[in-house]
Amino acid sequence: ESTEYWQEMEKNRIGNLLAGARLKAGLTQAQLAKKLSIRQNMVSDYEHGRRNFSDAMAKRLSKTLKVKEEHLKYY
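Procedures and definitions
Residues numbered from 1 in each chain as written. Predicted model: local features only at pLDDT ≥ 70, side-chain atom pairs only at ≥ 80, totals over all residues. Heavy atoms only, no water. Axes fitted to C-alpha atoms, helices over the stretch in contact; angles between N-to-C directions. Helix = DSSP H or I, 4+ residues; strand = E, 2+ residues; numbered from the N terminus. Left-handed = near helix turned anticlockwise from the far one by under 90°. Contact = heavy atoms within 4.5 Å. Nonpolar A, V, L, I, M, F, W, Y, C, P; charged D, E, K, R; others polar. Buried < 20%, exposed > 50% of the residue type's maximum accessible area, 1.4 Å probe, protein only. Arc of directions from axis to C-beta.

Asker: Requested: an account of the packing of helix α3 (residues 29-36) against helix α5 (residues 55-65), with residues and values cited.
Answerer: Where α3 contacts α5, the two axes come as close as 11 Å, and the packing angle between them is 115°. Regarding α3 and α5, the two cross each other, and that crossing is right-handed. The residues of α5 that touch α3, namely those facing Leu-32, Lys-35 and Leu-36, are Met-57, Arg-60, Leu-61, Thr-64 and Leu-65. For the contact of α3 with α5, the per-class residue count stands at five nonpolar, one polar and two charged.

As structure tokens, this is what we get:
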């Protein structure tokens, strides 16, 4: 797709998947952050593509949100 919206969504695919998984789990950013022992602004940064998370964090996120770890990896 060539729309600006589509390009923005594709650019931050992992962050969008993370936000969707969090919402599906019924968690706020603050609640997820507390479960992971990180700051809420880090969750926000992950979801908005301002920060990439490590493989170790991908594993923690997948376990907490009950999603496959592969869905949260950057390729």
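Asker: Run through α3, naming residues and quoting values.
Answerer: Considered for burial, the residues of α3 that qualify are Gln-29, Leu-32, Ala-33 and Leu-36. End-on, the buried residues of α3 take up no more than an arc of 100°, which puts them together on one face. Facing away from the buried surface of α3 by more than 90 degrees, the exposed residues are Lys-34 and Lys-35. Taken together, the buried residues of α3 touch α2 (13-24), α4 (40-47) and α5. Phi turns positive, to about 60°, at Ser-37, one or two residues after α3.

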